[in-house]
Amino acid sequence: CQSLTVISVNNSPAAIAHLLRETSTSHLILHPAYSKLAGEGLALLESGTCTTVPIADPEVYGSQARKMNLLSTWTPALAWEEEAGTFAFIVHSSGS
């Protein structure tokens with residue numbers, strides 16, 4: 001089982017590493033502005049245990065995309081029954 005974790009940028013590199021390790025996170029989605037912070041946290045982990053994935057550009061989810069109805073043409077790759085047991089989505093925001 002793989003997991004995907006979204007972590008608040010208010011965490012320290014040590015806290016990020018701890019959360020990634022404890023949740024066995026395999027992928028970390030981040031905005032490029034937080035690459036340095038994520039890199040510092042990942043440096044505290046065993047190499048290769050977590051992959052960073054840049055967040056989608058505004059062209060994918062922004063107001064122009066909504067006007068073009070691009071979001072309504074997306075077809076899921078898996079049916080709910082196929083997808084239900086595959087990935088976990090964990091949201092953590094420190095102090096809130």
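None of the values given here were measured: they were computed from a predicted structure. (Residues numbered from 1 in each chain as written. Predicted model: local features only at pLDDT ≥ 70, side-chain atom pairs only at ≥ 80, totals over all residues. Heavy atoms only, no water.)

Quick word on the overall build of the protein
Thought 1: The helix and strand inventory of the protein stands at 5 helices and 4 strands.
Thought 2: Listing each helix as α and each strand as β along the protein from the N terminus yields β-α-β-α-β-α-α-α-β.
Thought 3: When burial is assessed residue by residue, the protein has 22% of its 96 residues classed as buried.
Thought 4: Of all intrachain contacts in the protein linking residues separated by at least 6 positions in sequence, the fraction that spans at least 24 positions is 63%.
Thought 5: Roughly 6900 Å² of accessible area belongs to the protein as shown, and the carbon and sulfur atoms make up 59% of that amount. (Helix = DSSP H or I, 4+ residues; strand = E, 2+ residues; numbered from the N terminus. Buried < 20%, exposed > 50% of the residue type's maximum accessible area, 1.4 Å probe, protein only. Contact = heavy atoms within 4.5 Å. Areas by Shrake-Rupley, 256 points an atom, 1.4 Å probe, with all protein chains shown as cover.)

Concerning the layout of surface pockets
Thought 1: Taken as a whole, the largest pocket encloses approximately 190 Å³ of empty space.
Thought 2: Along the walls of the largest pocket sit 13 residues, with Ile7, Val9, Ile29, Leu30 and Tyr34 positioned nearest its centre.
Thought 3: Mapped onto the lining of the largest pocket, the elements with two or more residues apiece are strand S1 (2-7), strand S2 (27-30) and helix H2 (35-42).
Thought 4: Here the lining of the largest pocket takes 3 residues from S2, the largest share from any one element. (1 Å grid on protein atoms, 1.4 Å probe; cavity = no way out; pocket = protein on both sides within 12 Å on 5 of 7 lines; lining within 4 Å. Points joined across faces, edges and corners; volume = space filled by probe spheres on them.)

Considering H2
Thought 1: All of the buried residues along H2 are Leu37, Ala38, Gly41 and Leu42. Along H2, the residues classed as buried sweep out an arc of 135° about the axis, all on the same side.
Thought 2: Of the surrounding elements, those touching the buried residues of H2 are helix H1 (13-22), S2 and strand S3 (51-54). (Arc of directions from axis to C-beta.)

Comments concerning the pairing of S2
Thought 1: Burial along S2 is one-sided: Leu28 and Leu30 are buried, while His27 and Ile29, pointing the other way, are not.
Thought 2: Here S2 pairs with S3 via 4 bridges, running parallel. Bridged to His27 within S3 is Thr51.
Thought 3: Running through H2, the crossover from S2 to the neighbouring parallel element S3 is right-handed. (Pairing = 2+ DSSP bridges. Right-handed = clockwise from strand over helix to strand, strands pointing away.)

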